[in-house]
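Remarks on the overall topology
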Amino acid sequence: MAQAIQSVNIPRLEKIARELRVDVIRMLEAAGSGHPGGSFSEMEILVALYFHRLRHDPKNPAWEGRDRLILSKGHGCPGLYACLARAGYFPHEELASLRKIGSRLQGHPDRLRLPGIEVSTGSLGQGLSMAIGMALAAKLDGASWRTYCILGDGEIQEGQIWEAAMAAPKFNLDNLTVILDHNNGQIDGPVEEIMPLAPLPEKWKAFNWHVQCIDGHDFKEIFAALETADAVQGKPHAILAKTVKGKGVSFMEHQIEWHGKAPNREQAEKAVAELAGKPD
Amino acid sequence: MKATRDAFGEAIAALGEKNPRIVVLDADLGKSTMTGAFMKRFPERHFELGIAESNMIGAAAGLALCGKIPFVTSFACFLIGRLETIRVAVAYNQTNVKMVGTHAGLGIGEDGPSQMGLEDLGALRSLPHVTLLQPGDAEETRQIVAWAAEHKGPVYIRLTRQKVPDVHSGGYQWKLGRLDPVFTPAGETEHFQASVLAGGGTLEGAIDAAKALEKKGFSVRVFNAPTIKPLDSTDVLDAARNSNRLVSVEDHSVVGGLGSAVAEVLAGAGLPAPLIRLGATRFGESGTGAELYSKYGLSSEHIQDACIRNIPQ
Ligand SMILES: Cc1ncc(C[n+]2csc(CCOP(=O)(O)OP(=O)(O)O)c2C)c(N)n1
Ligand SMILES: [Mg+2]
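Residues numbered from 1 in each chain as written. Chains lettered and ligands numbered in written order. Predicted model: local features only at pLDDT ≥ 70, side-chain atom pairs only at ≥ 80, totals over all residues. Heavy atoms only, no water.

Attention shifts here to the pattern of salt bridges. All names here are of chain A. According to the stated counting rule, one finds 28 salt bridges over all chains in the structure shown. For Glu-19, the salt bridge goes to Arg-86, with nearest N and O atoms at 2.6 Å. Taken together, the positions of Glu-19 in helix H1 (residues 10–31) and Arg-86 in helix H4 (residues 77–87) put the pair 67 residues apart, joining distant regions of the chain. Look at Arg-86 and you get partly exposed, because its relative accessible area is 40%. Overlapping salt bridges bring together Arg-26, Glu-29, Arg-265 and Glu-269 as one network. (Salt bridge = Lys/Arg side-chain N within 4 Å of Asp/Glu carboxyl O. Helix = DSSP H or I, 4+ residues; strand = E, 2+ residues; numbered from the N terminus. Buried < 20%, exposed > 50% of the residue type's maximum accessible area, 1.4 Å probe, protein only.)

This is the structure:
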């Protein structure tokens, strides 16, 4: 069972999130392509999971008792790679190889190349079904590990997501937690213009999920929601996290164009300076 | 040099002017499939369906059944991810849907394997009634898109993300099913060491290979093969008879695409001609397009080797 929220060292996590954003900027600059917007909107969620919440062992990635995390919005992998490196799954220097030939750090996560990746993703809409399979397996085995699945708000326009949303409550998968990175951005424009999702909490509730709405950049709210999810039994959990696409770098925040574009040298320096200037 | 997806974007916007029945459907990749100009000019005939490709294809079938000429666009891999929807809503119903799959093959580079359309031709070739086309340059893209708009029936057009050189000049006329000679070595007219059949992203390397081999004294012809289905057997059989061997090279799985179509023609005619098929034999990876063509066997060097290496009997 998780520690009480009071015991969480939040300033430490905030510092990690800032440093990992710098890692992401450096990786993308070196790669010349990649996805900053969604890597930054999901960052606090990933940091909360990897540096406090998940039961995992970077030295033994195949440990059977580990919690499973699926980054279904696979293009957000720079954020995930930065977390995995920091957690000790592979050397930090390797981040610089992102998207280069021969690298273990593919443009989208590849479970057969990189330790710590549960599922290869990149085709949106598939992760939640695989998460259901994992949660079913845990129930079959009477195992206590949990499955977490991070979805994008554009991604949930896929029909398969709603097939999965129907199935999880049928099997009472209270060991499954979905976290929606609700940044209101996708590629061609704001989510509410491309394909309106509202009323979102009502949709998940109507599908019989236990639903919580939080600020996805506020560690206190993230941990409170994760703990509540642990406590509520009988239903799968949907945490709808309001986030900011490009969060943390002023010229990227809310800007659709930063969905899938790497910063050049000058932009990278500006971003890093900004991130470094934030109070510790 | 121009990416065929860019040429498509210009072509569909121009056609929209001429034909008010043309509509375009997108699944949150219009910025990459280049439908922006059409959307700007004809906002009422552009439909953004969000990241929901099955629904987009089904909606296109409905539009087609009511007299519209829908062009649906996405990455090739995501379109054929909805194969069974295509099978029933488009092929079985024979609806007048034009499917445009961009980001063909390893050539897309850094985004990596999950975004590479490497099985689209193989999957779609098995469906009745669907015409499969892969233009080799900007001019041919214009002609093929215009033809698709006129043609009654399902069409799939496969396009590159990366820029490709112009292999055609002014007077070129694309013909359905036919091979299109894009390089013939000087002086040679009768018999060739090899005839290379290429298309889309692999044409440049094929022409480069033939030129390099010409310098070494080998006569190698290159054909652009823009029609994957229906592939006219006459040209293929002619090429086989006039050459010591055929070489197919495609930025697609080596199973199911152009090479397989050529093999079927040869086998069907009972012609015992050697055919060397170059294509992807595994999922790709991230890297530059050029690096990937080298690593996965599609570079000029690989094509040269396929043209002249000993074929064990
Ligand atoms: C099935 C599928 N269709 C299209 C794409 C191309 N694509 C990659 S990212 C993206 C937008 C994703 O938006 P969202 O899920 O909101 O992610 P985020 O805003 O967190 O980056 C699209 C359409 C894809 N990867 N998979
Ligand atoms: Mg989003």
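Residue and element names in this part refer to chain A. All told, the structure shown has nine aromatic pairs over all chains when counted by the stated rule. Ring geometry for Trp-162 against Phe-207: centres 5.3 Å apart, planes inclined by 55 degrees, an arrangement best described as tilted. Of this pair, Trp-162 sits in helix H6 (residues 159–170) while Phe-207 is found in the loop between helix H8 (200–206) and strand S4 (210–215), placing the two residues 45 residues apart along the sequence. Residues Phe-219 and Phe-223 carry aromatic rings whose centres are separated by 6.3 Å and whose planes lie at 25 degrees to one another, so their mutual orientation is stacked. With Phe-219 and Phe-223 both in helix H9 (residues 219–231) and four residues apart, this pair spans about one turn of that helix. By the ring-pair criterion, three or more aromatic residues cluster together here, those being Trp-162, Trp-204, Phe-207 and Trp-209. (Phe/Tyr/Trp six-rings, centres within 6.5 Å; stacked < 30°, edge-to-face > 60°.)

Bringing the coordination of the magnesium ion (ligand 2) into the picture now. Residue and element names in this part refer to chain A. Surrounding the magnesium ion (ligand 2) are the protein donor atoms Asp-153 (OD), Asn-183 (OD1) and Gly-185 (O), at 2.1 to 2.2 Å. The sequence pattern describing where the donors of the magnesium ion (ligand 2) fall on their chain is D-x29-N-x1-G. Note on accessibility: Asn-183 and Gly-185 belong to one class, buried. (Donors = N, O, S within 2.8 Å, 3.2 Å for Na, K, Ca; no water.)

All names here are of chain B. In spatial order, the strands read S3-S2-S4-S5-S7-S6-S12; together these seven strands make up an open sheet with mixed pairing. The outermost strands of the open sheet, each flanked by one partner alone, are strand S3 (46–48) and strand S12 (227–229). If you compare each strand with its neighbour and ignore which way they point, the axes differ by 20 degrees on average. Here strand S2 (residues 22–26) pairs with strand S4 (residues 69–75) via five bridges, running parallel. By the bridge assignment, Val-24 is partnered in S4 with Phe-71. Helix H8 (residues 138–150) rests against S2, S4, strand S5 (98–102), strand S6 (131–133) and strand S7 (155–158) of the sheet, and its axis sits at about 165 degrees to S7. (Pairing = 2+ DSSP bridges. Axes fitted to C-alpha atoms, helices over the stretch in contact; angles between N-to-C directions. Contact = heavy atoms within 4.5 Å.)

What follows deals with the sheet that holds strand S14 (residues 275–280) of chain B. Strands pair in a sheet through their backbones, by hydrogen bonds, and they do so in one of two ways: parallel or antiparallel. All names here are of chain B. One open sheet holds the five strands; their spatial order is S9-S11-S10-S13-S14, and the pairing between them is mixed. Single-partner strands in this sheet number two, and they are strand S9 (180–183) and S14. Recorded for the sheet is a direction-independent mean angle of 25 degrees between the axes of neighbouring strands. The pairing of strand S13 (residues 243–253) with S14 spans five bridges and is classified as parallel. Paired with Ser-253 across the strands is Ala-280, a residue of S14. Along the sheet, helix H10 (residues 233–241) contacts strand S10 (192–198), strand S11 (220–224) and S13; its crossing angle with S13, the most-contacted strand, is approximately 130 degrees.

In terms of nonpolar packing, the biggest core is built from 56 residues, with Ile25(A), Val47(A), Leu49(A), Tyr50(A), Tyr81(A) and Phe90(A) touching the most fellow members. When residues of this core are traced back to their parent elements, those giving at least two are H1, helix H3 (43–53), strand S1 (68–71), H4, strand S2 (147–152), H9, strand S5 (237–242) and helix H10 (265–277) of chain A. Ignoring any residue separated from it by four or fewer positions in sequence, one finds Tyr50(A) in contact with His56(A), Leu69(A), Leu80(A), Cys83(A), Leu84(A), Tyr89(A) and Gly116(A). Residues Met56(B), Phe223(B), Ala261(B) and Val262(B) belong to the second largest nonpolar core, which totals 42 residues. (Core = buried A, V, L, I, M, F, W, Y, C linked by side-chain atoms within 4.5 Å.)

Another point: the confidence of the model for chain B. Counting all residues, the mean pLDDT for chain B is 97, and 100% of those residues have values of 70 or more. Quick note on the complex model: pTM equals 0.97, ipTM equals 0.95. (pLDDT = per-residue confidence, 0-100.)

This part covers the side chain of Gln106(A). Structurally, Gln106(A) is set in the loop between H4 and helix H5 (127–141). For Gln106(A), a relative accessible area of 0% gives the class buried. Among the polar contacts listed, one links the side chain of Gln106(A) to the backbone nitrogen of Ser286(B), at a separation of 2.8 Å. The contacts of Gln106(A), once residues within four sequence positions are left out, are Cys77(A), Tyr81(A), Leu98(A), Arg113(A), Pro113(B), Glu285(B) and Ser286(B). (Polar contact = N/O pair within 3.5 Å; in protein donor to acceptor, adjacent residues only side chain to side chain.)

The subject of this paragraph is the site of ligand 1. Taken together, 25 residues lie near ligand 1, and His75(A), Asp153(A), Gly154(A), Lys245(A) and Glu53(B) sit nearest. Of the chains in the model, those with residues near ligand 1 are chains A and B. Contacts to ligand 1 include Leu124(A), whose backbone N or O atom sits 3.0 Å from a nitrogen atom. Contact distances for ligand 1 include 2.7 Å between a nitrogen atom and a side-chain N or O atom of Glu53(B). Contact with the protein chains covers 99% of the free accessible surface of ligand 1, which is 600 Å². In the shell around ligand 1, the residues fall into five nonpolar, 11 polar and nine charged. (Near = heavy atom within 4 Å. Areas by Shrake-Rupley, 256 points an atom, 1.4 Å probe, with all protein chains shown as cover. Nonpolar A, V, L, I, M, F, W, Y, C, P; charged D, E, K, R; others polar.)

Once that is clear, we can look at the side chain of Asp174(A). Residues and elements named next belong to chain A. Turning to its location among the elements, Asp-174 is positioned in the loop between H6 and strand S3 (176–182). There is a polar contact of 2.6 Å between the side chain of Asp-174 and the side chain of Lys-139. A polar atom in the side chain of Asp-174 sits 2.8 Å from the backbone nitrogen of Gly-234.

What follows covers the interface of chain B and chain A. Across the contact, 24 residues belong to chain B and 25 residues belong to chain A. Taken together, the two surfaces of chain B and chain A that pack against each other cover about 1900 Å², and 46% of this comes from carbon and sulfur. When the area that chain B buries against chain A is broken down by residue, the three leading residues are Asp28(B), Lys31(B) and Ile51(B), summing to 30%. As a salt-bridge pair, Arg99(A) and Asp111(B) come within 2.8 Å of each other at their nearest N and O atoms. Our count for the chain B to chain A interface comes out at 17 residue pairs in polar contact (both at pLDDT 80 or more). Of all the secondary structure elements, the ones that give two or more residues to the side of chain B that touches chain A are helix H2 (30–33) and helix H12 (289–295) of chain B. With three residues, H12(B) is the single largest residue contributor to the side of chain B that touches chain A. (Buried area = accessible area lost by both parts, 1.4 Å probe.)

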